[in-house]
Amino acid sequence: MTFSRRDFVKTSVLGAVAAGVGAKVAMPEAQAEKGSQGPVSPSGSPKRPIIICANNGYNYVEAAYTFLKGGGDTLEAGIRVVKGPEDDPNDDSVGLGGLPNEEGVVELDACCMHGPTRRAGSVGAVRNIKNVSMVCRAVMEHTGHVMLVGEGAERFAVDMGFPRENLLTDRSRKIWMLWKQFNSDRDWWGPGIADPHWRPPATETKPQAEVWRDRIQQLQERAADLGIEPEFRLAAVRRVLFPPTGTIHCSVLNEKGEMSGITTTSGLAFKLPGRCGDSPIIGAGCYTDQDIGSAGATGAGEENIKVAGAHTIVENMRHGMSPLEAGMDALKRIVRNYNGDMNKLRFMDMTYYILRKDGAYASVCLWEGYSAGHPHKFAVHDGTLRAEVATPLLKGYSQEWPPFPPIPEDLKKDSEYLK
Ligand code: ASP
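In this report, the structure presented in the accompanying data block is examined. All values derive from a computational prediction rather than experimental measurement. (Residues numbered from 1 in each chain as written. Predicted model: local features only at pLDDT ≥ 70, side-chain atom pairs only at ≥ 80, totals over all residues. Heavy atoms only, no water.)

## Quick notes on the environment of glycine 296
With respect to the helices and strands, glycine 296 occurs in strand E8 (residues 293-299). The spacing of glycine 296 and serine 251 is 45 residues in sequence and 7.3 Å in space, taken between C-alpha atoms. With residues up to four places along the chain from it excluded, the contact list for glycine 296 reads His249, Gly285, Cys286, Ala310, Thr351, Tyr352 and Tyr353. (Helix = DSSP H or I, 4+ residues; strand = E, 2+ residues; numbered from the N terminus. Contact = heavy atoms within 4.5 Å.)

In structure tokens:
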């Protein structure tokens with residue numbers, strides 16, 4: 001494998017990658033109509049209280065729901081959900097163990113909105129503090145500001161009693177080292193996908209299966225040299241080839257109709273230091289209006305910021321759209337930003353979690369998932385905890401970023417992690 005993202009940018013016309021991406025545009029209108037004709041919630045009449053969140057929060061929802069049902073505050077309930085992945089060293093998309101920036105430093109983003117008091121708090125690019133969901137609430141509760149970033153946010157957190165700790169676990173450090181040594185020419189420098197001159201990568205002349213086999217084998221050997229455990233090596237290779245995103249959003253509604261929302265993340269793996277995605281941006285990664293509803297996002301942060309996704313969705317509901325329609329409209333704005341160019345849209349994905357004040361909810365995504373059999377899911381609890389499949393705008397699967405020829409099917413079979 002010889003090309004890097006910089007090469008794609010430099011080369012004016014490289015031609016399209018294999019047509020087999022499977023990206024077919026569904027009729028967005030058809031999707032929206034389906035939603036407007038269907039029940040207000042995917043599974044029947046709306047109920048309160050209710051919690052909806054990204055599926056990585058699934059294991060923490062039951063306890064938070066019990067707390068909420070017992071009269072607990074909506075934001076506290078949301079924080080009880082997202083704190084789970086923040087504390088989990090094996091969730092490398094949030095909090096402790098999050099994959100670091102390009103310099104090997106974990107930087108976290110979070111924001112929240114508390115409906116009952118109509119307040120908001122946010123922190124961006126925070127180092128050394130694990131529970132940024134609680135730090136953004138502290139900004140809301142203990143300052144006259146809404147957003148603190150970087151060193152100031154860290155010092156504020158320490159002043160508030162949050163412990164400073166090393167967030168880079170040994171496992172995440174080794175993955176970063178693997179990326180740095182062997183894949184860091186595919187980084188976030190240079191014009192991005194939104195640049196008019198950006199072109200998708202050329203198809204390799206060598207058979208793709210061969211290219212992949214060589215590359216994966218080489219990276220696995222390097223992973224072994226770095227001491228990455230055998231059972232985690234393929235997962236590490238995957239993270240190096242396709243620096244993952246990952247975040248958790250949670251929206252909460254209690255019996256009284258009070259609502260809150262919270263989003264927390266370590267952001268894009270190997271990002272530029274100081275990069276803030278959508279997660280700490282009130283109105284993009286999270287937005288709650290006590291009178292209307294709450295929404296949050298996971299996925300391509302840069303794209304979401306440009307459509308102010310969470311705010312757009314809540315405003316759409318204010319103007320009468322169902323949660324599903326409201327989310328689809330935000331996704332269509334992302335599609336419109338690229339004039340429907342699937343050569344670009346297939347490299348990004350976006351999921352919204354949407355909760356209306358009456359308990360109606362939806363989760364929508366740009367693509368069905370990353371591969372067949374792995375749809376985007378979200379967790380919901382309205383008396384029964386379950387995972388549901390998010391409704392996609394586009395038929396097909398997103399392709400990982402940075403661009404790379406699709407992984408041949410026979411290689412995918414080798415590992416769950418390469419699916
Ligand atoms: N939205 C997050 C960010 O851009 C990443 C994610 O949700 O996966 O930082």
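The rest of the description comes next.
## As for the packing of aromatic side chains
On inspection of all chains with the given rule, the structure shows two aromatic pairs. Look at tryptophan 179 and phenylalanine 270: their rings are 4.4 Å apart centre to centre, the planes differ by 10°, and that puts the pair in the stacked class. Of this pair, tryptophan 179 sits in helix H7 (residues 170-182) while phenylalanine 270 is found in the loop between strand E6 (259-265) and strand E7 (286-289), placing the two residues 91 residues apart along the sequence. Considered together, tryptophan 179 and phenylalanine 270 belong to a single accessibility category, that of buried residues. Where tyrosine 361 meets phenylalanine 378, the ring centres are 6.1 Å apart and the plane angle is 65°; that geometry is what we call edge-to-face. Placement of the pair is tyrosine 361 in strand E10 (residues 361-365) and phenylalanine 378 in strand E13 (residues 377-381), with a sequence separation of 17 residues. What makes phenylalanine 378 buried here is its relative accessible area of 1%. The aromatic ring of phenylalanine 67 is capped on one face by arginine 80, whose charged end is 3.7 Å from the ring centroid. (Phe/Tyr/Trp six-rings, centres within 6.5 Å; stacked < 30°, edge-to-face > 60°. Buried < 20%, exposed > 50% of the residue type's maximum accessible area, 1.4 Å probe, protein only. Lys NZ or Arg CZ within 6 Å of the ring centre and 35° of its normal.)

## A look at the environment of threonine 143
Note on placement: threonine 143 falls in the loop between helix H5 (132-142) and strand E4 (147-149). Classification of threonine 143 as partly exposed rests on a relative accessible area of 22%. Spatially, the C-alpha atoms of threonine 143 and glycine 121 are 9.2 Å apart, while their sequence positions differ by 22 residues. A polar contact of 2.7 Å, which involves the side chain of threonine 143, links it to the backbone oxygen of valine 139. A polar contact is formed between the side chain of threonine 143 and the backbone nitrogen of histidine 145, at a distance of 2.9 Å. (Polar contact = N/O pair within 3.5 Å; in protein donor to acceptor, adjacent residues only side chain to side chain.)

## Some thoughts on the pattern of salt bridges
The final tally for this structure, using the stated rule, is 23 salt bridges. Measuring nitrogen to oxygen at the nearest pair gives 2.7 Å for the salt bridge that ties aspartate 87 to lysine 83. A residue pair is termed a helical-turn pair when its members lie 3 or 4 positions apart in one helix, as aspartate 87 and lysine 83 do in helix H4 (residues 74-87) at four residues. Here aspartate 87 falls in the partly exposed class, since its relative accessible area comes to 24%. Classification of lysine 83 as partly exposed rests on a relative accessible area of 28%. Put simply, aspartate 358 and arginine 356 hold a salt bridge, and the shortest N to O gap is 2.8 Å. By relative accessible area, which is 32% here, aspartate 358 ends up partly exposed. Each of Arg118, Asp289, Asp291, Glu315 and Arg318 takes part in a single network of salt bridges with overlapping partners. (Salt bridge = Lys/Arg side-chain N within 4 Å of Asp/Glu carboxyl O.)

## A short note on the sheet that holds E13
In spatial order, the strands read E4-E3-E2-E6-E5-E1-E13-E14; together these eight strands make up an open sheet with mixed pairing. With one partner strand each, in any of the chains shown, E4 and strand E14 (385-389) form the two edges of the open sheet. On average, each strand axis in the sheet is tilted by 10° relative to the strand beside it, whichever way the strands run. In this sheet, strand E3 (residues 119-126) lies alongside strand E2 (residues 108-114) in antiparallel orientation, the contact comprising six bridges. Paired with leucine 108 across the bridge in E3 is valine 126. (Pairing = 2+ DSSP bridges. Axes fitted to C-alpha atoms, helices over the stretch in contact; angles between N-to-C directions.)

## Regarding the nonpolar core
In terms of nonpolar packing, the biggest core is built from 50 residues, with Ile51, Val81, Val123, Cys250 and Ile262 touching the most fellow members. The element that contributes the greatest number of residues to this core is H5, accounting for six residues. Not counting chain neighbours up to four residues away, the residues in contact with cysteine 250 comprise Ile51, Ile52, Cys53, Gly78, Val81, Val82, Ser260, Gly261 and Ile262. Listed in part, the 35 residues of the second largest apolar core include Ala297, Ile313, Tyr352 and Leu393. (Core = buried A, V, L, I, M, F, W, Y, C linked by side-chain atoms within 4.5 Å.)

## With respect to the packing of helix H11 (residues 309-318) against helix H12 (residues 323-337)
Two measures define how a pair of helices packs: the angle their axes make with one another and the distance between the axes. The interhelical angle for the contact between H11 and H12, taken along N-to-C directions, is 135°, at an axis separation of 8 Å. In terms of their interaxial angle, H11 and H12 are classed as oblique. The handedness of the crossing between H11 and H12 comes out as right-handed. Counting all contacts with H11, which are made through Gly309, Thr312, Ile313, Asn316 and Met317, the residues of H12 involved are Pro323, Ala326, Gly327, Asp329, Ala330 and Arg333. Across the contact of H11 with H12, the residue classes tally to five nonpolar, four polar and two charged. (Parallel < 35°, antiparallel > 145°, perpendicular 65-115°, else oblique. Left-handed = near helix turned anticlockwise from the far one by under 90°. Nonpolar A, V, L, I, M, F, W, Y, C, P; charged D, E, K, R; others polar.)

## Quick notes on unusual backbone geometry
Residue proline 49 follows arginine 48 across a cis peptide bond; omega there is -5°. Topologically, proline 49 is positioned in the loop between helix H2 (28-37) and strand E1 (50-54). Residues other than glycine seldom take positive phi values, yet asparagine 128 does so here, at roughly 70°. In this model, phenylalanine 270 sits at a positive phi of 65°, which is unusual for a non-glycine residue.

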